[in-house]
Amino acid sequence: MKKKILLVLLLIGTLFITGCTAKEKLEPNNFKKIMEKKEFVVVDNTGIALSEIGNVELSYTASPQDQRYTIEYYSFDGEVSAQGFYAKKQAELGSTGSQVYTELNLGNYSKYTMIYNGKFTAISRVSNTAVYVTADKIYEEEIKQLLLDIGY
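Residues numbered from 1 in each chain as written. Predicted model: local features only at pLDDT ≥ 70, side-chain atom pairs only at ≥ 80, totals over all residues. Heavy atoms only, no water.

Enquirer: Before we move on, can you summarise the pattern of salt bridges with the specific residues and values?
Expert: Considering all chains together, one arrives at nine salt bridges under this definition. The salt bridge partner of Lys89 is Glu92, with a shortest N-O separation of 4.0 Å. Pair noted here: Lys89 and Glu92 are both in helix α4 (residues 79–94), with a separation of three residues, about one helical turn. Among the residues examined, Lys89 registers a relative accessible area of 18% and is labelled buried. Of the charged contacts in the structure, one is a salt bridge between Glu140 and Lys137, with a shortest N-O distance of 2.9 Å. The exposure class assigned to Glu140 is buried, which follows from its relative accessible area of 8%. One salt-bridge network, in which partners are shared between bridges, spans Asp66, Arg68 and Glu142. (Salt bridge = Lys/Arg side-chain N within 4 Å of Asp/Glu carboxyl O. Helix = DSSP H or I, 4+ residues; strand = E, 2+ residues; numbered from the N terminus. Buried < 20%, exposed > 50% of the residue type's maximum accessible area, 1.4 Å probe, protein only.)

The following block contains the structure:
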């Protein structure tokens, strides 16, 4: 009897955890609207992203008025392309030898943050979209909150 109850609880727990791991991606136009509402300057960089990365459907950069950092947003032609972009950026960051980093991979969501040489860097992917930002460490908390606000 105890085994049956434990099995049922385990199955329910698995379903609950699985349901909580899927994140909803932020569509490109919504990213632009949210960032403009926060008074960021948003620029369409799709042409540049296509030539440098490929497989990009739409790309924006968003910066605060004082240009203290830039958040790059990418919408790819599929989840595999976004995963490839994420893996490439993560490998580049990991090659610095930094000892201060965090990594999370759940369902359709991956996030890697790192502090190295006075800089804070984050790469986050949801489905076929990704955001990337590098800034001075003093902006770390501000950027983390901004990424939470947009779901990344």
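That shown, we press on.
Enquirer: Lay out the pairing of strand β6 (residues 119–126) with the relevant residues and their values.
Expert: Counting buried residues in β6 gives seven out of eight residues, a clear majority hidden from the surface. In terms of strand pairing, strand β5 (residues 109–116) meets β6 through eight bridges, oriented antiparallel. Counterpart to Ile115 in the pairing with β6 is Phe120. Between the end of β5 and the start of β6, which pair antiparallel, lie two residues, with Asn117 showing a positive phi angle near 55°. One ladder, built from eight bridges, connects β6 with strand β7 (residues 129–136); its direction is antiparallel. When the sheet's bridge partners are listed, Phe120 is paired in β7 with Ala135. Count of turn residues in the β6/β7 antiparallel hairpin: two residues, of which Ser127 carries a positive phi of about 55°. (Pairing = 2+ DSSP bridges.)

Enquirer: I'd like a description of the sheet that holds β6, backed by residues and values.
Expert: Pairing is antiparallel in the open sheet, where seven strands are placed in the order β1-β2-β3-β7-β6-β5-β4. Either end of the sheet is taken by a strand with one partner, and the two such strands are β1 (41–44) and β4 (100–106). Direction aside, the axes of adjacent strands within the sheet are offset by 10° on average. Contacting β1, β2 (56–63) and β3 (70–76), helix α2 (residues 28–37) runs over the sheet at an angle of about 5° to β2. Sitting on the sheet, helix α5 (residues 140–150) is in contact with β3, β5, β6 and β7, with an inclination near 165° to β7. (Axes fitted to C-alpha atoms, helices over the stretch in contact; angles between N-to-C directions. Contact = heavy atoms within 4.5 Å.)

Enquirer: Talk me through the nonpolar core; I want residue IDs and the actual numbers.
Expert: Among the nonpolar cores identified, the biggest contains 24 residues, and Phe31, Met35, Tyr69, Ile71, Ile143, Ile150 and Tyr152 are the most heavily contacted of them. Sorting the residues of this core by element identifies α2, β2, β3, β6, β7 and α5 as the ones contributing at least two each. When residues in this core are grouped by element, the largest group, four residues, is from α5. With 13 residues, the next largest nonpolar core counts Ala49, Val56, Tyr112 and Tyr132 among its residues. (Core = buried A, V, L, I, M, F, W, Y, C linked by side-chain atoms within 4.5 Å.)

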